[in-house]
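Fold and contact review
The chain contents come next:
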Amino acid sequence: MTKKALITGVTGQDGSYLAELLLLKGYEVHGLIRKASTFNTGRIDHIQETTFFTHYSDMTDSSNLNRILKNVQPDEIYNMAAQSHVKVSFEVPEYCAEVDGVGVLRLLDAIRETELKTRFYQASTSELFGNIKEIPQKETTPFYPRSPYAVAKLYAYWVVKNYREAYGLFASNGILFNHESPRRGGTFVTRKITMGLANILAGKQNQIALGNLDAKRDWGYAPEYVEFMWKMLQYNEPLDLVVGTGETYSVREFVEAVFNYASLDWKKYITTESRLFRPTEVDMLLADPSKAKRTLGWSPKISFHDLVKVMVDADMRAAGLKPIGEGDAILKKKFPDRWWKID
């Protein structure tokens, strides 16, 4: 029988890539979309599969979530829905808690109430580690969240474990470190930089305003990470796993790599503004993904510098420019059977 999957937050970076992957694998895919005054379906508009269906829903509406679960009866549920911008979470902390924290409780309780035999994946985050107590960070590293976003995600992480232990649900946490792509939202720092460069080259922009250039992150490539999510739900038992590249680079190093790729001096185009700093900063995140590699045989193919080139090429193309081309060549070489749409 055809497997059914339900993806919350299907219009986002991860949700859209995951939908493409599951459709390729023969799934019937259902995606939840939050109703808004303007359409935000650009990342999924190209999907024309007859086995792809969307439903209006919201993580704050438990009755609707219950109804959708009863009607769809999914074999797998991937929770990608979130207010996912860390800086914004300081401005809308209550909403962030409702969606990113209590929203997960609503989904899990809907599974419990409907007695649905399904497998549940929770998109957890490296922001849980926050004020880090260990380098690198692994599954046993103590959590110390430093934002309303991270605190809400910490609640979600523990409620997943609680429902797994209390009710026997197949519920897993993927503690994913930063993963980027041409589909990353334009307000996130990596896209802000690569889009800014493309606009500078196109004569549409003069400078890029950034916050803390010294923050370090473990940056990977999003399509590889959604494959990992799928692998987690194919395993014979629920897991909590850290996923990352095992390398860390600062925002400054990301800027340098982007502008070096285009043979420009980044110092002429980058400004820093205090309003873009977080009230409490997370200085450095670095994954130890060894358990994920041992358990699921997963390891990333795209390096930090590969990622930079892929994103710059895509944003140059989106700006109407001819891409430099190294990023496109990397994808063709490392993913000859690439399953996701060319961005």
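Structure report, in brief. Every value quoted in this text rests on a predicted model; they were computed, and no experiment measured them.

The rules behind these values
Residues numbered from 1 in each chain as written. Predicted model: local features only at pLDDT ≥ 70, side-chain atom pairs only at ≥ 80, totals over all residues. Heavy atoms only, no water. Helix = DSSP H or I, 4+ residues; strand = E, 2+ residues; numbered from the N terminus. Buried < 20%, exposed > 50% of the residue type's maximum accessible area, 1.4 Å probe, protein only. Polar contact = N/O pair within 3.5 Å; in protein donor to acceptor, adjacent residues only side chain to side chain. Contact = heavy atoms within 4.5 Å. Pairing = 2+ DSSP bridges. Axes fitted to C-alpha atoms, helices over the stretch in contact; angles between N-to-C directions.

Things to note about the side chain of arginine 106
Within the secondary structure layout, arginine 106 lies in helix 4 (residues 93-114). Classification of arginine 106 by relative accessible area gives buried; the value is 16%. From its side chain, arginine 106 meets the backbone oxygen of methionine 59 in a polar contact 2.9 Å long. Residues contacting arginine 106, with those up to four places away along its chain left out, are Met59, Thr60, Asp61, Ser62, Leu65 and Glu98.

Here's the deal with the sheet that holds strand 3 (residues 52-56)
The parallel open sheet is built from seven strands, whose spatial order is 3-2-1-4-5-6-11. Each of the sheet's edge strands pairs with one partner strand only, and the pair in question is strand 3 and strand 11 (240-243). For this sheet, the mean angle separating the axes of adjacent strands, direction not counted, is 20°. By the bridge criterion, five bridges tie strand 2 (residues 28-33) to strand 3 in an arrangement that is parallel. The residue bridging valine 29 from the neighbouring strand is phenylalanine 52, located in strand 3. Contacting strand 1 (4-8), strand 2, strand 3 and strand 4 (76-79), helix 1 (residues 13-24) runs over the sheet at an angle of about 170° to strand 1. In this fold helix 5 (residues 148-167) packs onto strand 5 (119-125), strand 6 (170-176) and strand 11, with an angle of close to 150° to the strand it touches most, strand 6.

What about the environment of threonine 2?
Residue placement: threonine 2 occurs in the segment before strand 1. When the C-alpha positions of threonine 2 and tyrosine 27 are compared, they lie 6.0 Å apart, and in sequence the two are 25 residues distant. In this structure, threonine 2 is in contact with Gly26, Tyr27, Glu28 and Asp75, ignoring residues within four places of it in sequence.

A few points about the environment of glutamate 326
Of note, glutamate 326 is situated in helix 11 (residues 326-334). Along the chain, glutamate 326 and aspartate 313 lie 13 residues apart, while their C-alpha atoms are 7.7 Å from each other. Residue contacts for glutamate 326: discarding those within four places in its chain leaves Tyr261, Lys309 and Asp313.

Re the environment of alanine 222
Within the fold, alanine 222 resides in helix 7 (residues 222-234). The sequence separation of alanine 222 and histidine 179 amounts to 43 residues, and the corresponding C-alpha distance is 4.9 Å. Setting aside its immediate chain neighbours within four residues, alanine 222 contacts Gln13, Asp14, Tyr17, His179, Glu180 and Ser181.

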